[in-house]
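# Observations on chain architecture
Take a look at the letters that make up each chain.
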Amino acid sequence: MTDLPEGWTREGEEITRAFRFADFSEAWGFMSRVALLAERADHHPDWRNVWNLVEIRLTTHDAQGLTPKDLALAAAINDLI
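As annotated in an unreviewed UniProt entry, the protein chain is Putative pterin-4-alpha-carbinolamine dehydratase from Jannaschia donghaensis. The UniProt entry for the protein chain carries the following comment under Catalytic activity (unreviewed entry): "(4aS,6R)-4a-hydroxy-L-erythro-5,6,7,8-tetrahydrobiopterin = (6R)-L-erythro-6,7-dihydrobiopterin + H2O". Note on the protein chain: under the UniProt heading Sequence similarities (unreviewed entry), the record states "Belongs to the pterin-4-alpha-carbinolamine dehydratase family."

This next bit is on helix 1 (residues 24-41). With 18 residues, helix 1 should cover 26 Å at 1.5 Å per step; its first-to-last C-alpha distance of 25 Å lies within 8% of that length. Among the residues of helix 1, A27, F30, M31, V34, L37 and A38 are the ones counted as buried. The arc that holds every buried residue of helix 1, seen down its axis, measures 120 degrees, which confines them to one face. Across from the buried face of helix 1, at angles greater than 90 degrees, the exposed residues are S25, L36, E39 and R40. Buried-residue contacts for helix 1 involve strand 2 (14-20), strand 3 (46-50), strand 4 (53-58) and helix 2 (68-78). Here helix 1 starts with a cap whose side-chain oxygen sits 3.2 Å from the backbone nitrogen of S25, and that cap is D23.

On to the pairing of strand 4, then. Note that strand 2 and strand 4 share six bridges and pair antiparallel. Paired with I15 across the strands is L58, a residue of strand 4. Relative to strand 4, strand 3 runs antiparallel, the two being bridged by five bridges. Across the sheet, the residue bridging to W47 is I56, located in strand 4. The hairpin turn running from strand 3 into strand 4, its antiparallel successor, is two residues long, and W51 in that turn takes a positive phi close to 45 degrees.

With that settled, the discussion passes to the sheet that holds strand 1 (residues 9-11). Spatial ordering of the open sheet is given by 1-2-4-3, a layout of four strands whose pairing is antiparallel. Single-partner strands in this sheet number two, and they are strand 1 and strand 3. Taken over all neighbouring pairs, the strand axes of this sheet differ in orientation by 25 degrees on average, direction set aside. Across the sheet, helix 1 touches strand 2, strand 3 and strand 4, and the angle it forms with strand 3 is around 165 degrees. Packing against the sheet, helix 2 makes contact with strand 2 and strand 4, and its axis sits at approximately 10 degrees to strand 2.

Inspection of the entire model under this criterion finds four aromatic pairs. Considering the side-chain rings of F19 and F30, the 4.8 Å spacing of their centres and the 45 degrees angle between planes classify their relative orientation as tilted. Taken together, the residues span a long stretch of sequence, with F19 in strand 2 and F30 in helix 1 at a distance of eleven residues. For F30, a relative accessible area of 0% translates into the label buried. A network of ring pairs unites the aromatic residues W8, F19, F21 and F30 as a single cluster.

Rules used throughout
- Residues numbered from 1 in each chain as written.
- Predicted model: local features only at pLDDT ≥ 70, side-chain atom pairs only at ≥ 80, totals over all residues.
- Heavy atoms only, no water.
- UniProt positions renumbered as here; feature names shortened; annotations may be inferred.
- Helix = DSSP H or I, 4+ residues; strand = E, 2+ residues; numbered from the N terminus.
- Expected span 1.5 Å × (residues − 1).
- Buried < 20%, exposed > 50% of the residue type's maximum accessible area, 1.4 Å probe, protein only.
- Arc of directions from axis to C-beta.
- Contact = heavy atoms within 4.5 Å.
- Polar contact = N/O pair within 3.5 Å; in protein donor to acceptor, adjacent residues only side chain to side chain.
- Pairing = 2+ DSSP bridges.
- Axes fitted to C-alpha atoms, helices over the stretch in contact; angles between N-to-C directions.
- Phe/Tyr/Trp six-rings, centres within 6.5 Å; stacked < 30°, edge-to-face > 60°.

Structure follows, in structure tokens:
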């Protein structure tokens, strides 16, 4: 599993990406859209938000590592921006 969606990096058994926005409201709106994607996929990110920065980590805890679900969600998140 070496081909990561654009902007994502692998850190051990996770893939990560940081997204920076104009302000908190824009970051929060993005997180809301990601939440809807995650619910539909039944695959939820580990994430952090500080003002205009959203950091997302994806891994499949049940599999103890990366799976196609992580890559698919990362690609879908990329499509939001």
